[in-house]
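Secondary and tertiary structure notes
Each chain is listed here by its residues.
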Amino acid sequence: MGLFGRSRDAPRRERRNAPSKEMQDFIRGVDVDMLGNSNSGVRVDELRAMQTSAVYACVKILAETVASLPLHLYKKGKDGKNESAEQHPLFSCLYELPNEEMTSFEFRETMMTSLLLWGNAYARKIKKNGHVTELWYLKPQNMTVERDTQTGKIKYTYSDDITNQTYVYRPEQVFHIKGLSLDGVTGLSPISQAREAVGLSLATEEYGAKFFGNGARPGGVLEHPGILKDPEKLRESWNKVYQGTRNSHKVAVLEEGMKYHTIGIAPEDAQFLETRKYQVNEICRIFRVPPHLVGDLERATFSNIEHQSIEFVQHTIRPWLVRWEQEISRSLLDEKERLLYFAKFNVDGLMRGDYKSRMEGYAVGRQNGWLSINDIRRLEDMSLVPAENGGDEYLVNGNMITANQPTENKEGGSNEGKQKGTANAPDEGASDSGK
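Within the protein chain, the secondary structure is distributed over 15 helices and 12 strands. Looking at the protein chain as a whole, 33% of its 435 residues qualify as buried. Within the structure as shown, the protein chain displays about 27,700 Å² of accessible surface, and the carbon and sulfur contribution to it stands at 51%.

In structure tokens:
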């Protein structure tokens, strides 16, 4: 089924060409000439930012982590025993195939990339028999979200760059996940908010590329004692012979008393390497990603890297998962279904410690009676032990008594009660001769 395969789900079309983003910004009074520019002199936008290795690495690790986690739909059961709702049409849409062109991993990875760059992720909902069965990705750069002045409701205007048509969606037709927001309608773009930091990173990369492209020599000027008739021709001939890595280390021949003067700043004087290192940490701070996950191991040690990874799950991944889970409940389930079903990511694999720590934790749980053999084997993805062989039995320390047992003995005052609660009490009928 295509994106607009069902006529009743098709959005209202407008037979007009959508104005460009620059034109929309101009109409709103935005200074188009300065839009996206940073003080570093580099134009910054979401796609340009992905050319920075640190931004690309941060977006990639976050998008792939969320996309790789199992996402299930559960049905609430009695006594807190939830069961997988595999028969619900939404289960397959979330876990397997959101649409006929994308897997669940690819869909969530693409949605997360949009969230991390534009602060918003959109998908078109297709329903069948009242249930959402398909989700089709919509490009955030082509979407405009605004509140209708007549109805007071939010409307989504999408400019399709393939059909060159504009579609207007109602809120119930769009699956919209928002990032950090100031108005609750649209999320803020992290790239736009941190434009200067990303621009400085792009500028340092461009500076380094041009420096080595110039044969690892800073720029300079040619001084001629007389008056040149065609200085442009001299510049072109000089660059043709001596510019670029292929022409590095060539011996220059200066005629007519010309002199060469260096006017550029050497990379060490500009603190080139220090600036690049700092910008990696600066970009990691924007996305709240530990530097060791993007290849910066300068401050990572064997003693703290495990805890950094767990903190990454708790403070970085978990908020994104909550956004997903709550928006799925709000947007993809109706009011009655929300009382019975809920979506949940499984992060157990990310929270697992090293082998020694896991075994010690399992031993404590096994000895104190809250873990069985099969409980432990499920956590380790191992085959289960049959129940008749004790796989589901719980053990308890034989020397332990209930918390209210000493109080009962004190109130009752009977020796029978004391002996019953004492592990080393002699059996009834034992005589002194037996000692």
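Next up on the list: the pairing of strand S7 (residues 154–160). The element S7 is largely enclosed, with a buried count of five among its seven residues. Where S7 lies against strand S8 (residues 165–169), five bridges are found, and the strand directions are antiparallel. Among the inter-strand pairings, Thr-157 is bridged to a residue of S8, identified as Val-168. Count of turn residues in the S7/S8 antiparallel hairpin: four residues, of which Asn-164 carries a positive phi of about 60 degrees.

Where charged atoms from two side chains of opposite charge come close, those side chains can pair. The final tally for this structure, using the stated rule, is eight salt bridges. As a salt-bridge pair, Glu-64 and Lys-60 come within 2.7 Å of each other at their nearest N and O atoms. Of this pair, Glu-64 and Lys-60 both sit in helix H3 (residues 53–68), four residues apart, which is roughly one turn of the helix. A residue is classified by how much of its surface remains accessible, and Lys-60, at 38% relative accessible area, is partly exposed. The salt bridge partner of Glu-327 is Arg-330, with a shortest N-O separation of 2.6 Å. Taken together, the residues Glu-327 and Arg-330, both in helix H10 (residues 305–332) and three residues apart, mark about one turn of the helix. On the basis of relative accessible area, Glu-327 is assigned to the buried category, the value being 9%.

So, on to the packing of aromatic side chains. Going through the model one piece at a time under the given rule, you end up with four aromatic pairs. Taking the centre distance of 5.6 Å and the plane angle of 25 degrees together, the rings of Tyr-74 and Phe-342 count as stacked. Here Phe-342 lies in strand S12 (residues 341–345) and Tyr-74 lies in strand S2 (residues 71–75), a separation of 268 residues in the sequence. Residue classification places Tyr-74 among the partly exposed positions, given a relative accessible area of 21%. For Arg-323, the ring lying beneath its charged end belongs to Trp-320, and the centroid distance is 5.5 Å.

With antiparallel pairing, the three strands of this open sheet are ordered in space as S5-S4-S9. Unpaired on one side and paired on the other, strand S5 (131–138) and strand S9 (174–178) mark the two borders of the sheet. Each adjacent strand pair in this sheet contributes to an overall mean axis angle of 30 degrees, direction not counted. As judged from the seven bridges shared by strand S4 (residues 120–128) and S5, these two strands associate in the antiparallel manner. When the sheet's bridge partners are listed, Lys-128 is paired in S5 with His-131. Against the sheet, helix H5 (residues 104–118) contacts S4, S5 and S9, and its axis sits at roughly 145 degrees relative to S4. Each of S4, S5 and S9 is contacted by H10, which is oriented at about 150 degrees to S9, the strand it contacts most.

This brings us to the sheet that holds S12. Sheet strands line up and pair through hydrogen bonds in the backbone, either parallel or antiparallel. Within the open sheet, the three strands sit side by side as S3-S2-S12. Their pairing is antiparallel. Of all strands in the sheet, those with a lone pairing partner are strand S3 (83–84) and S12, marking the two edges. Strands in contact with H10 are S2 and S12; relative to S12, the strand with the most contacts, it is inclined by about 160 degrees.

When you line up the elements, His-315 lands in helix H10. The exposure class of His-315 is partly exposed, given its relative accessible area of 46%.

Taken over all residues, the pLDDT of the protein chain has a mean of 79, while the share at 70 or more is 70%. Every residue in residues 27–36 scores below 50 in pLDDT, and together they form 11 contacts with partners more than four places removed in sequence or on other chains. Low pLDDT (under 50) marks residues 414–424, which in the prediction has seven contacts with non-local residues, meaning those over four places away or in another chain.

One pass over the full model with this rule turns up one cavity of 30 Å³ or more. Space inside the largest cavity adds up to approximately 40 Å³. Lining the largest cavity we find Leu-71, Cys-93, Leu-94, Pro-98, Ser-104, Phe-107, Arg-108, Leu-135 and Trp-324. Its residues placed into classes, the lining of the largest cavity shows seven nonpolar, one polar and one charged.

On to the nonpolar core. Inside soluble globular proteins, nonpolar side chains tend to come together where they are buried. Membership of the largest hydrophobic core comes to 51 residues, with the highest contact counts inside it found for Val-55, Leu-90, Phe-175, Phe-287, Trp-324 and Ile-328. Not counting residues within four places of it along the chain, the set of residues in contact with Trp-324 comprises Val-66, Phe-107, Arg-108, Met-111, Met-112, Leu-115, Phe-175, Ile-177 and Phe-345. Listed in part, the 10 residues of the second largest apolar core include Leu-138, Val-145, Tyr-158 and Val-185.

One non-glycine residue, Asn-164, lies in the positive phi region at around 60 degrees. As for its position among the elements, Asn-164 is in the loop between S7 and S8. Given a relative accessible area of 54%, Asn-164 falls into the exposed group. With a phi angle near 55 degrees, Arg-288 is a residue other than glycine that sits in the positive phi range. Here Arg-288 is to be found in the loop between helix H9 (272–287) and H10.

As a further point, take H5. With 15 residues, H5 extends 21 Å from end C-alpha to end C-alpha; this agrees with the ideal 21 Å at 1.5 Å per step. Buried within H5 we find Ser-104, Phe-107, Arg-108, Met-111, Met-112, Ser-114, Leu-115, Leu-116, Leu-117 and Trp-118. Gly-119, located one to two residues past H5, shows a positive phi value of around 80 degrees.

Criteria and thresholds
Residues numbered from 1 in each chain as written. Predicted model: local features only at pLDDT ≥ 70, side-chain atom pairs only at ≥ 80, totals over all residues. Heavy atoms only, no water. Helix = DSSP H or I, 4+ residues; strand = E, 2+ residues; numbered from the N terminus. Buried < 20%, exposed > 50% of the residue type's maximum accessible area, 1.4 Å probe, protein only. Areas by Shrake-Rupley, 256 points an atom, 1.4 Å probe, with all protein chains shown as cover. Pairing = 2+ DSSP bridges. Salt bridge = Lys/Arg side-chain N within 4 Å of Asp/Glu carboxyl O. Phe/Tyr/Trp six-rings, centres within 6.5 Å; stacked < 30°, edge-to-face > 60°. Lys NZ or Arg CZ within 6 Å of the ring centre and 35° of its normal. Axes fitted to C-alpha atoms, helices over the stretch in contact; angles between N-to-C directions. Contact = heavy atoms within 4.5 Å. pLDDT = per-residue confidence, 0-100. 1 Å grid on protein atoms, 1.4 Å probe; cavity = no way out; pocket = protein on both sides within 12 Å on 5 of 7 lines; lining within 4 Å. Points joined across faces, edges and corners; volume = space filled by probe spheres on them. Nonpolar A, V, L, I, M, F, W, Y, C, P; charged D, E, K, R; others polar. Core = buried A, V, L, I, M, F, W, Y, C linked by side-chain atoms within 4.5 Å. Expected span 1.5 Å × (residues − 1).

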